[in-house]
Amino acid sequence: MIRPVLLAGAAVSLGLALPATAQSPPSAADRAAMIESALSAAPATLRGTVRVADFDGNVLREGPPGFTCLPAPPGIAGPMCVDEVWMGWIQAWSKREPFTVPRVAFAYMMAGDSATGGASNIDPHATTPSAANDWMVEGPHIMILTPDAASLQAIGAAHHHGGPYVMWAGTPYAHIMVPVGPRPEQRSVATAR
Ligand SMILES: [Cu+2]
């Protein structure tokens, strides 16, 4: 479950096309809800200790260097736990800045995308499903960044065979998606009349 109202400020700093809202420090209940959302993305091996932050960079729970879990942003993707390289990737993606993958890097989305989230598999900046943008609501998955363009090419973008595939191929934000759980119901696409 996601709570978009709580995360409206976060969406603004993520660069999503949502109306700006006044920022105030999250209440204790909001913090608890964000932590619960963020930790739903963690594998059991990290859940007990991992750092939790919001998209404004506020640390909601301290943890060791390495992974940071983030709550689900409203309307896109889902909660995720990312390493340091992926943190830089999120910044670059949200600000539409260049990004060069320095090394293999990992992210967990063990809760999958939010039912009201997901992403276009081809357009890194699409914010809603369309008939043309191959919108995906993925189930539980792991995400891998690699500087190896040949590997991305070999894996390819086709995502209906159950195995790994590349999201946002041919962009600076290309990454490997590794499904590890059932794919949920997909969002419906608004059609023009
Ligand atoms: Cu993902």
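Calculation rules
- Residues numbered from 1 in each chain as written.
- Predicted model: local features only at pLDDT ≥ 70, side-chain atom pairs only at ≥ 80, totals over all residues.
- Core = buried A, V, L, I, M, F, W, Y, C linked by C-beta atoms within 7 Å.
- Buried ≥ 20, exposed ≤ 12 C-beta atoms within 10 Å, placed from the backbone.
- Contact = placed C-beta atoms within 7 Å.
- Helix = DSSP H or I, 4+ residues; strand = E, 2+ residues; numbered from the N terminus.
- Pairing = 2+ DSSP bridges.
- Axes fitted to C-alpha atoms, helices over the stretch in contact; angles between N-to-C directions.
- pLDDT = per-residue confidence, 0-100.
- Expected span 1.5 Å × (residues − 1).
- Arc of directions from axis to C-beta.

### Examining the nonpolar core
- Ranked by internal contacts, the top residues of the largest apolar core, which has 35 residues, are Ala41, Ala42, Cys69, Met80, Cys81 and Tyr108.
- Setting aside residues up to four positions removed in sequence, Cys81 forms contacts with Ala41, Ala42, Leu46, Val50, Phe67, Thr68, Cys69, Ala107 and Tyr108.
- Core analysis: the second largest hydrophobic core is formed by seven residues, Tyr165, Met167, Trp168 and Met177 among them.

### Quick word on the pairing of strand E5 (residues 105–109)
- Most of E5 sits inside the fold, with four of its five residues counted as buried.
- Here strand E4 (residues 80–82) pairs with E5 via two bridges, running antiparallel. The residue bridging Val82 from the neighbouring strand is Ala107, located in E5.

### What to know about unusual backbone geometry
- One non-glycine residue, Ala77, lies in positive phi territory at about 55 degrees.
- Along the chain, Ala77 turns up in the loop between strand E3 (68–70) and E4.
- Phi is positive for Trp168, close to 60 degrees, though the residue is something other than glycine.

### Notes on the sheet that holds strand E9 (residues 165–167)
- One open sheet holds the eight strands; their spatial order is E2-E1-E3-E4-E5-E8-E10-E9, and the pairing between them is mixed. Edge strands, defined here as strands with exactly one partner in the open sheet, are strand E2 (59–61) and E9. Neighbour to neighbour, the strand axes of the sheet diverge by 30 degrees on average, direction disregarded.
- Sheet topology places strand E1 (residues 51–53) next to E3; two bridges connect them, and they run parallel. Residue pairing for E3: Val52 is matched across the bridge by Cys69.

### A closer look at the environment of Gly139
- Here Gly139 shows up in the loop between strand E7 (135–136) and strand E8 (141–145).
- Separated by 26 residues in sequence, Gly139 and Asp113 place their C-alpha atoms 6.1 Å apart.
- Those residues in contact with Gly139, other than ones at most four positions away along the chain, are Gly112, Pro179, Gly181, Pro182, Arg183 and Pro184.

### Section: the environment of Met34
- Within the secondary structure, Met34 is located in helix H2 (residues 28–39).
- By the C-beta count within 10 Å, which is 28 here, Met34 ends up buried.
- The sequence separation of Met34 and Pro73 amounts to 39 residues, and the corresponding C-alpha distance is 9.9 Å.

### Regarding the confidence of the model for the chain
- Per-chain confidence: the chain averages 89 in pLDDT, with 86% of residues scoring 70 or above.
- Between residues 1–22, whose pLDDT stays under 50, and residues either more than four places distant or in other chains, the model counts 43 contacts.

### Topic: helix H4 (residues 84–95)
- Taking 1.5 Å of rise per residue, the 12 residues of H4 would be expected to cover 16 Å, and the 17 Å separating its terminal C-alpha atoms lies within 8% of that figure.
- Of the positions making up H4, those classed as buried are Trp86, Trp89, Ile90 and Trp93. All buried residues of H4 lie within an arc of 105 degrees about the axis, which places them on one face of the element.
- Of the surrounding secondary structure, the elements contacted by the buried residues of H4 are E4, E5 and E8.
- Positive phi shows up at Arg96, right after H4, with a value of about 55 degrees.

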